[in-house]
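Notes for the structure review
Okay, here's what each chain looks like letter by letter:
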Amino acid sequence: MSSMEPLRVTDDDLRSPSVEGVLAEQEALNRAMPTAAPLPWHRRILYATWLYLALAGTTAGFVAWAVFEPFINDNDMDADEVSLVNLFLFPAVTAFIALFVAATEGLMCRNIKRALFSGSVSCAIGFVGGLLMLIPATIFYGIGLAIASEMSPVTENGMPTGGALAIVILGRGIAWALFGIVAGIGQGIALRQGRMVVNGLLGGALGGLLGGFLFDPVYLVLGLPEEAAASRALGFMAIGLSVGLFLGLVEQWTKSAWLFMKAGPLAGKQFVLYRNPTVVGSSPKADIYLFKDAAIEPRHALLHARGGRYEIEDCGTADGTYVNGKPVSRQILRSGDQVVVGRTVLEFSLRDNRAR
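We now turn to the structure provided with this report. This structure is a prediction, so every number in the text was calculated from the model and none was measured. Residue positions are given per chain, counted from 1 along the sequence in the order it is written. The predicted nature of this model means local features are confined to residues of pLDDT at least 70 and side-chain atom pairs, given and counted, to a pLDDT of 80 or more, with totals for whole chains, interfaces and linings taken over all residues. Derived side-chain values reflect all non-hydrogen atoms in the structure, with water molecules and hydrogen atoms excluded from consideration.

Quick notes on the sheet that holds strand β3 (residues 278–281)
Here is the rule: Two strands are said to pair when DSSP picks up at least two bridges between them. Secondary structure elements are defined from DSSP: runs of H or I of at least 4 residues count as helices, runs of E of at least 2 residues count as strands, and each element is numbered from the N terminus.
Strand order across the open sheet formed by five strands is β4-β3-β5-β6-β9, with mixed pairing between neighbours. Two strands close off the open sheet at either side, each with one partner strand: β4 (288–289) and β9 (330–333). Here β3 pairs with strand β5 (residues 301–306) via three bridges, running antiparallel. From the neighbouring strand, V280 faces β5, where its bridge partner is A301.

Next comes the structure, spelled out in structure tokens:
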């Protein structure tokens, strides 16, 4: 048996591309990954979409009431002629709700430009749409009043009773569902995201319907025919609250894929994947805006929807994109995968684990 010759490694061998590649991969694998500590409960509550949108809608209702209440005369509200307050009140309430809800989403993501753009577009859509909805809303509410007047006489507080009151509440609920639709769709239109438009339409309709249902009971509990300011304020706030609440809830009910930030500047925030591809980066134009991290590039990674599955692609960045601690250029994601870019840790989720 012949003796084995000693292994000789030349300088060219050491500098070969294959060796360089292995060393680079080993260095990446040894890179210290940021850790994700358990999030306190208040962080999860703070970034719950349904909560902050409900608060935004409630605030919008109050602000709209505070702006218009000094100009409201309850005798004019009951008059046959149409005053400017009668004409612009409900479109303005709709516009305020649309503005606050859309702007709040951008502010929660620390994206001031998106907040200003989405808020202004949503406000315009809310006001113009509210004016257009005045006709069908007035028709539905007028039909309810006409039916109620035939069923029951009006009491001292100006409202019917029993089944007739239920008809009035239903008519108002349908009318406000129409206003809720235009309050909810503005952000999706501003961001050109069709699924967000559909969610806004559904959430706005459900929220407006519930808010309309609450308006008259609030009036009956607190309001007086000659002094209805308090009941009107709570009624507008109830409408704003319900529209914002249902916008957030519908997003949760209909989401199919999302990223949850476990560590990073917005730890506790959930990002529903609407756009294909979804851009992750440090640019305010990115769909998932990760700020104050020098390791994250303006376009750091892309998330592609591939027939029910999602694939992440690194955009050739210097720091890289990692999935479960390993550097990737392209990789199909599974529910529970930990995606790391810079110091940010994101957990990918897919409804029903269809990617498995």
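Description of the side chain of Q193
Heads up, the condition is: The contact definition used throughout considers only heavy atoms, calling two residues in contact when any of these lie within 4.5 Å.
In this structure, Q193 sits in the loop between α9 (186–191) and α10 (194–222). Excluding its chain neighbours within four sequence positions, the residues that come into contact with Q193 are G188, Y274, R275 and D287.

Focus: the sheet that holds strand β11 (residues 344–350)
Spelled out, the test is: In this analysis, axes come from line fits to C-alpha atoms, helices being fitted only over the stretch in contact, and the angle between any two N-to-C directions falls in the range 0 to 180 degrees.
One open sheet holds the six strands; their spatial order is β2-β1-β11-β10-β7-β8, and the pairing between them is antiparallel. For this open sheet the edge positions go to β2 (270–272) and β8 (326–328), each flanked by a neighbour on one side alone. Neighbour to neighbour, the strand axes of the sheet diverge by 30 degrees on average, direction disregarded. Sheet topology places strand β1 (residues 257–263) next to β2; three bridges connect them, and they run antiparallel. For W258, the partnering residue across the bridge sits in β2 and is V272.

Here's the deal with unusual backbone geometry
Rule in force here: Any residue under 20% of the maximum accessible area for its type is buried, any over 50% is exposed, and the rest in between are partly exposed; the area is computed with a 1.4 Å probe on protein chains only.
In this structure, P277 follows N276 across a cis peptide bond, with omega equal to 0 degrees. Within the element layout of this structure, P277 appears in the loop between β2 and β3. Even without being glycine, R192 reaches a positive phi, approximately 55 degrees. On the basis of relative accessible area, R192 is assigned to the exposed category, the value being 74%. Positive phi, close to 60 degrees, is recorded for K292, a residue that is not glycine. Note on placement: K292 falls in the loop between β4 and β5.

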